[in-house]
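Here's the letter readout for the chains.
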Amino acid sequence: MDALRHVRRIAVAAGTALLLSTGLAASSQAAEGNFFYNRADTGGEAFLGSTPNGVCLSIPGGAEHALNDTDTDARLYTNSSCTSTSRFLGSRQSEDYLAPFPTFVKFG
């Protein structure tokens, strides 16, 4: 009886570990690489790293020029809910923008 209980504990522990590891992997997907841009407000260079997929991220200062140096396509927006008309920027592509400058980006 003790041996059976021990086997069940191991099976439950293994199943729990599997669920946790696959759940964390699915929730932490991110574009690999960086998103570089020239700020529309100052002309300075900036970048976003750690770019999770499906999250509307702020582009401080707006993007006058952007380089999507990630492995994931992106869409650029002018509003914080990422619902305005989007501008597509493919993986490893760059683009120049005119006003209104995109101020948010979403990957994936």
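Structural data are supplied above this passage.
Residues numbered from 1 in each chain as written. Predicted model: local features only at pLDDT ≥ 70, side-chain atom pairs only at ≥ 80, totals over all residues. Heavy atoms only, no water.

Draft legend 1. Highlighting the overall build of the protein. The number of helices and strands found in the protein is one helix and 10 strands. When its helices and strands are written in sequence order, the protein yields α-β-β-β-β-β-β-β-β-β-β. Across the protein, contacts joining residues at least 24 apart in sequence account for 58% of those joining residues at least 6 apart. Carbon together with sulfur atoms contributes 57% to the accessible area of the protein, which is approximately 6700 Å² in total. (Helix = DSSP H or I, 4+ residues; strand = E, 2+ residues; numbered from the N terminus. Contact = heavy atoms within 4.5 Å. Areas by Shrake-Rupley, 256 points an atom, 1.4 Å probe, with all protein chains shown as cover.)

Draft legend 2. Molecular detail of the pairing of strand 6 (residues 63-70). As judged from the seven bridges shared by strand 2 (residues 33-39) and strand 6, these two strands associate in the antiparallel manner. Along strand 6, the bridge assignment pairs Phe36 with Leu67. When strand 6 meets strand 9 (residues 93-96), the two strands line up antiparallel, connected through four bridges. Across the sheet, the residue bridging to Ala66 is Glu95, located in strand 9. (Pairing = 2+ DSSP bridges.)

Draft legend 3. Seen up close, the nonpolar core. Phe35, Tyr37, Ile59, Ala66, Leu76, Val105 and Phe107 are the most contacted members of the largest nonpolar core, which totals 15 residues. When residues of this core are traced back to their parent elements, those giving at least two are strand 2, strand 3 (45-48), strand 6, strand 7 (74-77) and strand 10 (104-107). (Core = buried A, V, L, I, M, F, W, Y, C linked by side-chain atoms within 4.5 Å. Buried < 20%, exposed > 50% of the residue type's maximum accessible area, 1.4 Å probe, protein only.)

Draft legend 4. Seen up close, the packing of aromatic side chains. One pass over the full model with this rule turns up three aromatic pairs. Here the aromatic cluster, defined as three or more aromatic residues joined through ring pairs, consists of Phe35, Tyr37 and Phe107. (Phe/Tyr/Trp six-rings, centres within 6.5 Å; stacked < 30°, edge-to-face > 60°.)

Draft legend 5. Structural view of the sheet that holds strand 5 (residues 57-58). In spatial order, the strands read 5-10-7-8; together these four strands make up an open sheet with antiparallel pairing. With one partner strand each, in any of the chains shown, strand 5 and strand 8 (87-89) form the two edges of the open sheet. Where strand 5 and strand 10 come together, two bridges link them in antiparallel fashion. Bridge assignment links Ser58 to a residue of strand 10, and that residue is Phe104.

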